[in-house]
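Inside the fold
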Amino acid sequence: MNRKEISGKDIICIPIDLRLFIEIAASKPRLSYKKLLHILRQNYDGEYRKETFDETYPTAEIYFIVDGIDELSGNPLHVQALSRLLENLIKFGNILVTCRTRDFEYVFAPHLDPVLFDEILRIKEWEVDTEFTEFVQKLAKADLFINGTFLQQVKNSTTLRTLVSRPLHARMLTYVSKSDIKKFADLSQLYVRYLHKYARVVDANLLKENCLRKAETHLLWRELAWFAFQKDLFVHDKIPLTNVSEYLINMQGIRPTCVSRLLQPLFNFTQVFHSTQLQFIHYSFFEYLVAEHMAYALDRNFISNATDIYIYFAKDMTPEIRHHLMRIINRTKTSGFGKWLAKGYFAINEAAPNPARRKVANNLLVYILGRLTNEDVSNEIRHLLEIEEDAFLRTCLYWGLSAAKGIDGVKEYMEVLRTNAKMRSLNQGYLLYYYSDLDRSKDPPYLDDDPSRSWANTKLRTLQFMAEPSYHTRVPLGRRIIDLYTFYDFCIFRSEQILPDEENILATNVLGILEIEIKDKVIIKRLQEMHQQVVG
């Protein structure tokens, strides 16, 4: 506990141990000050004395530090209880909550009232000319860096400058600096190069110790990530060592004495009561490895023309996994992959055990199908639209069609949304689910049927997406039309007017460019009318 005296009044920072409070918050809607004080005095060695804590209400300026809420993410009851806990704590003092961005946006935000927070702060990104340059100079000074042209190569490349804005990626890039980094086209190429090089170092040690018969560490890590993903092994952000050990020993033939040597480079070992748990040294490694496994599995089936692929689509994937997956597929797959994948839609219809799982699986398949860059699959998507009767999957297919060549399908979808209230609700719900303003753990369909429901994540992420300098060159024309139409529709449904800086993004980076590119006056007129509705 950190305490200091300011203007005659104590300012007290109290770390909140979630293990002590979350179960109470889960079972009781209200945490009294008396109960709060009792827990603190019981578990913090009597630090909270009477002179600074009145028995009925705090007399000091209190700051509650709520750290590690990421560890609650695997338990839906605890996720919901966190909101109640924070609402209780804020009655007695200020709160500071720390969380990884991914977990906050995709797990907690749908359950937290935005008014709880005055400010959301992010760790500042690195800039090439300052933080990154200083980092490289420190490596060179320690004789850990020998590529003299590396820094200039990064400065000369837009892609590389973007990559090193995050310290993790900067460290990864310096680790593979002897590679031809000018060929790195995206983040996923950095991950594959880094993990392969890292795994080769581990291979050398394990081969020397007779723990492996061949260099296969990267493959084992990939298989292990997929095993954890499919079996839902994560408890909060940790995986039981027992399950992983049994898998490696029984399924991969690793000697028991070698299991730890294989795992230590990729995981931190932590003790939770009497159980040893594994935590990826960085969660993004798990996301990349799952995506790589999926891409390779689909490639094997494509080569053999096998369409029995439901097993790979049975579980939904986070946006990060999906993004890695699409980068790998679009970099490696040849023409014909999309037509083969479309056949898998029918195979999933047969293999899925119930309608809800069919929706989950074919939603993911259509996501991939609509984002292939090496071939035009608009005919395949149109054929699926003609025969699909489920409204949720029709929504998915329309989004897939919006990314294909031409805008006829987009014009058709805009008319559907204008005249069909259910399809409008599904269209908006589709984004609320994707950006986690709706609970991603629930089965589809996802509906935006309550104008009072928050769309904070969806709004922020969509605006960030549209504001990117490369948005109008990287994103297909049809998709940009639907992005804008849907954003306007969210505002109209909620009778919400946009702010001047939001209007600037929409008018300058999206609508203004669409007005030049689109020759169809009906589409442009409709978008302009919607724009006027939301700017007031």
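Computed from a predicted model, the values in this text were never measured in an experiment.

1. Section: the packing of helix α25 (residues 500-517) against helix α26 (residues 521-535)
Where α25 meets α26, the closest approach of the two axes is 11 Å, and the angle between their N-to-C directions is 170°. On the basis of their axis angle, the class for α25 and α26 is roughly antiparallel. Side by side, α25 and α26 meet where Glu 503, Leu 506, Ala 507, Leu 511, Leu 514 and Glu 515 of the first sit next to Ile 524, Leu 527, Gln 528, His 531 and Val 535 of the second. Class assignment for the residues of the contact of α25 with α26 results in 7 nonpolar, 2 polar and 2 charged.

2. Quick look at empty space enclosed by the protein
With the rule as written, the count across this model stands at 1 cavity of 30 Å³ or more. Looking at the largest cavity, its volume works out to about 30 Å³. Around the largest cavity, the lining residues are Ile 329, Lys 333, Thr 334, Phe 337, Leu 372, Asn 374 and Glu 375. Grouping the amino acids of the lining of the largest cavity by side-chain chemistry returns 3 nonpolar, 2 polar and 2 charged.

3. A closer look at the state of the cysteines
Taken as a whole and assessed by the stated rule, the structure comprises 1 disulfide. Between Cys 211 and Cys 258 runs a disulfide, and the two sulfur atoms are separated by 2.0 Å. When the S-S torsion is -75°, as for the bridge of Cys 211 with Cys 258, the disulfide is left-handed. Separated by 47 residues along the polypeptide, Cys 211 in the loop between α9 (187-208) and α10 (217-230) and Cys 258 in the loop between α11 (241-250) and α12 (259-263) bring together distant segments of the chain. Each member of the pair, Cys 211 as well as Cys 258, carries the same accessibility label: buried. In this model Cys 13 remains outside any disulfide bridge; the closest cysteine sulfur is found in Cys 99, 20 Å from its own.

4. A word on the packing of aromatic side chains
Between two aromatic rings, the relevant description is the distance of the centres plus the angle of the planes. Here the structure, examined in full by the defined rule, presents 33 aromatic pairs. Measuring from ring centre to ring centre gives 6.2 Å for Trp 226 and Tyr 312, while their planes differ by 45°; the resulting arrangement is tilted. Of this pair, Trp 226 sits in helix α10 while Tyr 312 sits in helix α14 (residues 310-313); the two residues are 86 residues apart in sequence, bridging distant segments of the chain. Classification of Tyr 312 as buried rests on a relative accessible area of 15%. A connected cluster of aromatic rings, assembled from ring pairs, spans Tyr 175, Tyr 191, Tyr 194, Tyr 198, Trp 221, Phe 285 and Tyr 288.

5. Describing the packing of helix α20 (residues 408-419) against α26
Direction vectors running N to C along α20 and α26 enclose 40°, while the axes themselves pass 11 Å from each other. In this view, α20 runs oblique relative to α26, as classed from their interaxial angle. When the axes of α20 and α26 are compared, the crossing they make is left-handed. Together, Lys 411, Met 414 and Arg 418 of α20 and Val 522, Ile 523, Arg 526 and Leu 527 of α26 make up the contact between the two elements.

6. Comments concerning unusual backbone geometry
Leaving glycine out, the prevailing phi sign among residues is negative, and the prevailing peptide bond configuration is trans. In this structure, the amide linkage connecting Pro 444 to the following residue, Pro 445, adopts the cis form with an omega of 10°. Among the secondary structure elements, Pro 445 is positioned in the loop between α21 (421-434) and α22 (456-467). Look at Asn 210: it is not a glycine, yet its phi comes out positive at around 60°. Note that Asn 210 resides in the loop between α9 and α10. Using a relative accessible area of 56% as the deciding quantity, one classes Asn 210 as exposed. Even without a glycine there, the phi angle at Asn 305 is positive, about 60°. For Asn 305, the position within the fold is in the loop between α13 (283-304) and α14. With a relative accessible area of 52%, Asn 305 lands in the exposed category.

7. Quick word on helix α16 (residues 337-351)
With 15 residues, α16 extends 20 Å between its outermost C-alpha atoms, agreeing within 8% with the 21 Å of an ideal straight helix rising 1.5 Å per residue. Buried positions along α16 lie against α13, α14, α15 (319-332), α17 (355-369), α18 (378-387) and α19 (391-402).

8. Things to note about helix α5 (residues 128-141)
Taking 1.5 Å per residue as the helical rise, α5 with its 14 residues ought to reach 20 Å, and the 18 Å between its terminal C-alpha atoms agrees with that figure. Along α5, the residues that are buried comprise Val 128, Phe 132, Thr 133, Phe 135, Val 136 and Leu 139. Buried-residue contacts for α5 involve α6 (150-156), α7 (158-163) and α8 (167-175). Just downstream of α5, Asp 143 is the residue with a positive phi angle, here 60°.

9. Brief notes about the confidence of the model for the protein
Detailed reading of the predicted model is not advised wherever pLDDT is low. Averaged over the protein, the pLDDT score is 87; the fraction of residues at 70 or greater is 92%. Within the model, the stretch residues 1-5 combines pLDDT values under 50 with 17 contacts to residues more than four positions away or in other chains.

10. Thoughts on the pattern of salt bridges
With the rule as written, the count across this model stands at 23 salt bridges. Across the pair Arg 331 and Asp 186 runs a salt bridge, and its minimum N-O distance is 3.5 Å. Here Arg 331, found in helix α15, pairs with Asp 186, found in the loop between α8 and α9; they are 145 residues apart in sequence, far enough to count as distant. With a relative accessible area of 34%, Arg 331 lands in the partly exposed category. Owing to a relative accessible area of 16%, Asp 186 belongs among the buried residues under this scheme. Note that Lys 459 and Glu 502 form a salt bridge whose closest N and O atoms lie 3.4 Å from each other. In this pair, Lys 459 is assigned in helix α22 and Glu 502 in helix α25, connecting sequence segments 43 residues apart. Like Lys 459, the residue Glu 502 is buried in the burial classification. The network of salt bridges with common partners includes Asp 448, Asp 449, Arg 453 and Arg 494.

11. Here's the deal with the side chain of Asp 483
With respect to the secondary-structure elements, Asp 483 resides in helix α24 (residues 477-493). The buried category is assigned to Asp 483, whose relative accessible area is 4%. The residues touching Asp 483, leaving out its near neighbours within four places in the chain, are Trp 399, Phe 465, Met 466, Tyr 471 and Val 475.

12. A look at the environment of Asn 379
Along the polypeptide, Asn 379 turns up in helix α18. Through-space distance from the C-alpha of Asn 379 to that of Leu 206 is 50 Å; in sequence the pair is 173 residues apart.

Parameters at a glance
Residues numbered from 1 in each chain as written. Predicted model: local features only at pLDDT ≥ 70, side-chain atom pairs only at ≥ 80, totals over all residues. Heavy atoms only, no water. Axes fitted to C-alpha atoms, helices over the stretch in contact; angles between N-to-C directions. Helix = DSSP H or I, 4+ residues; strand = E, 2+ residues; numbered from the N terminus. Parallel < 35°, antiparallel > 145°, perpendicular 65-115°, else oblique. Contact = heavy atoms within 4.5 Å. Nonpolar A, V, L, I, M, F, W, Y, C, P; charged D, E, K, R; others polar. 1 Å grid on protein atoms, 1.4 Å probe; cavity = no way out; pocket = protein on both sides within 12 Å on 5 of 7 lines; lining within 4 Å. Points joined across faces, edges and corners; volume = space filled by probe spheres on them. Disulfide = S-S within 2.5 Å. Buried < 20%, exposed > 50% of the residue type's maximum accessible area, 1.4 Å probe, protein only. Phe/Tyr/Trp six-rings, centres within 6.5 Å; stacked < 30°, edge-to-face > 60°. Left-handed = near helix turned anticlockwise from the far one by under 90°. Expected span 1.5 Å × (residues − 1). pLDDT = per-residue confidence, 0-100. Salt bridge = Lys/Arg side-chain N within 4 Å of Asp/Glu carboxyl O.

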